[in-house]
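# Report on the structure
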Amino acid sequence: MKLLTSFFTTTIALTLALSSTPIYAQDSAQHTSKAGKHSALAVSHGAASSAKVASAAVAVPLLVVGSAGVASVAGGSALIDSATKPKPLTVTEVTITADPAPNQAMQTKRQTTIEIKQEH
Amino acid sequence: MSRLLLLIALLGLASSSLVFAGSQAGRKAQFAPGEITGFAKKVEKYAAAQGARMFIIGRIGRPKKDLPKGIKFTHTAIAVYSAITLKDGSTVNGYAIHNLYQEAGKPDVSSLVVDYPVDFFWGVNELTAGIIIPTPDLQQRIIAAISSGKNKEVHNPAYSVIASPYNNELQNCTEHTLNIINASIYQTTDMQQLKANAKAHFKGQRIRSNPLKLMLGSIFMDDVATRDHQGKIVTTTFSTIGRYLEENDLVQHMAVFNRDGSSGELL
């Protein structure tokens, strides 16, 4: 009986301690992979809005070099002029989104392949 | 039986007071897609209006009431003003966000992922952003560090939600951000040197927790570990990074940006 009580005590305690609230729940979870995001975005922009949703292929960091225009920092030679007040930058009106996580992308690819085979 | 009830009560109390941060994988959007895209674009425009070539960005992934004292933001990353080439071949300017994320199905392992503001805010609990814009000189160094892949050199994929900023045994998103900042400041990716500098100059956030709960968490949860701590649990947070940069005169502007477009003080 003592052993049984001990077992139940441990079980209930662990259950309460670990599952009643998301202990230490960190927010390093990738929202990109949330199910349905891409279709939800497409629907929300499809009807009335003129704003576009687009998937990004690649992003290259930019530094503005004086008035000469925009240059990539990849070469390491671009400089921000720290002596003057930073000027406002322009951002696109397009809503840009990353592709789904690789595991979801692979599923999509597989479904496509199956559909093609069925057509033949 | 009374001992059993007492134990249940104590552990139940403990469990409600020690939620560290944000959201878990698989969590659905809490807001309508249009609200999220609108807010994400407002955040971009706010940073762009300040002339930020890069900024440190924070989000709130869990209800405030569930967060321990001293924790305001639950995920931290670096947004870099970028030329973004779209799938149709066109190029537009906006912010790309460089993150450390836990891998799906492997919460104790992280990888580096670039996403965009709408992705970043998709599963948040509150449409509020933390924004820290470093001084132009530091901005330039951080952008150069990311462009040259130094962010990968200071990444340790062994993940713990309460990773210590003072050694490289385990790492979370905020510690990774701190590593990139310090690698940029000190122009080194030598982890021993970076951690010695963090010990000397960076003050992390003390996590006050029930020792029993910490012990149970480290035993039963893959992404909770205490082995990299000696004594008190101290970790990196968005706010402690802001304070660190402010104390060293390395902040151009920092704010909390709200859903209605208003902004307030971060610290």
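Placed above this text is the structure.
In what follows, the accompanying structure is described. No experiment lies behind these values; they were computed from the predicted model shown.

Looking now at the environment of B:Lys195. Residue and element names in this part refer to chain B. Among the secondary structure elements, Lys195 is positioned in helix H7 (residues 191-201). A residue is classified by how much of its surface remains accessible, and Lys195, at 6% relative accessible area, is buried. For the pair Lys195 and Tyr166, spaced 29 residues apart in sequence, the C-alpha to C-alpha distance is 5.2 Å. Setting aside its immediate chain neighbours within four residues, Lys195 contacts Pro165, Tyr166, Asn167, Asn168, Glu175 and Asn179.

This brings us to the packing of helix H4 (residues 136-147) of chain B against helix H6 (residues 173-186) of chain B. Residues and elements named next belong to chain B. The interhelical angle for the contact between H4 and H6, taken along N-to-C directions, is 110 degrees, at an axis separation of 9 Å. In this view, H4 runs roughly perpendicular relative to H6, as classed from their interaxial angle. Between H4 and H6, the contacting residues are Leu138, Arg141, Ile142, Ala145 and Ile146 on the first element and Ile180, Ile181, Ser184 and Ile185 on the second. Each residue belonging to the contact of H4 with H6 can be placed in one class, and the counts come to seven nonpolar, one polar and one charged.

Residues and elements named next belong to chain B. Taken together, the side chains of Lys69, Arg206, Arg208 and Lys232 make up a positively charged region of the molecular surface. With respect to the helices and strands, the residue Arg206 is situated in strand S6 (residues 205-206). By relative accessible area, Arg206 is classed as partly exposed at 30%.

All names here are of chain B. One pass over the full model with this rule turns up eight aromatic pairs over all chains. With a centroid separation of 5.0 Å and an interplanar angle of 45 degrees, the aromatic rings of Tyr46 and Phe257 are classed as tilted. Taken together, the residues Tyr46 in helix H2 (residues 33-49) and Phe257 in strand S8 (residues 251-257) connect sequence positions 211 residues apart. Accessibility expressed as a relative area gives 3% for Phe257, which makes it buried. Pairing Phe55 with Tyr95 gives two aromatic rings, centres 5.1 Å apart and planes at 75 degrees, and the pair type is edge-to-face. A residue pair is termed long-range when its members are at least 10 positions apart, and Phe55 in strand S1 (residues 54-60) and Tyr95 in strand S3 (residues 91-103) qualify at 40 residues.

Rules of the game
- Residues numbered from 1 in each chain as written.
- Chains lettered and ligands numbered in written order.
- Predicted model: local features only at pLDDT ≥ 70, side-chain atom pairs only at ≥ 80, totals over all residues.
- Heavy atoms only, no water.
- Helix = DSSP H or I, 4+ residues; strand = E, 2+ residues; numbered from the N terminus.
- Buried < 20%, exposed > 50% of the residue type's maximum accessible area, 1.4 Å probe, protein only.
- Contact = heavy atoms within 4.5 Å.
- Axes fitted to C-alpha atoms, helices over the stretch in contact; angles between N-to-C directions.
- Parallel < 35°, antiparallel > 145°, perpendicular 65-115°, else oblique.
- Nonpolar A, V, L, I, M, F, W, Y, C, P; charged D, E, K, R; others polar.
- Patch = residues over 30% accessible without salt bridge, like charges linked within 9 Å, V, L, I, M, F, W, Y side chains within 5 Å.
- Areas by Shrake-Rupley, 256 points an atom, 1.4 Å probe, with all protein chains shown as cover.
- Salt bridge = Lys/Arg side-chain N within 4 Å of Asp/Glu carboxyl O.
- Lys, Arg positive; Asp, Glu negative; His and termini not counted.
- Charge placed at Lys NZ, Arg CZ, Asp CG, Glu CD.
- Phe/Tyr/Trp six-rings, centres within 6.5 Å; stacked < 30°, edge-to-face > 60°.

Keep in mind that these numbers describe shape and distance, not what the molecule does.
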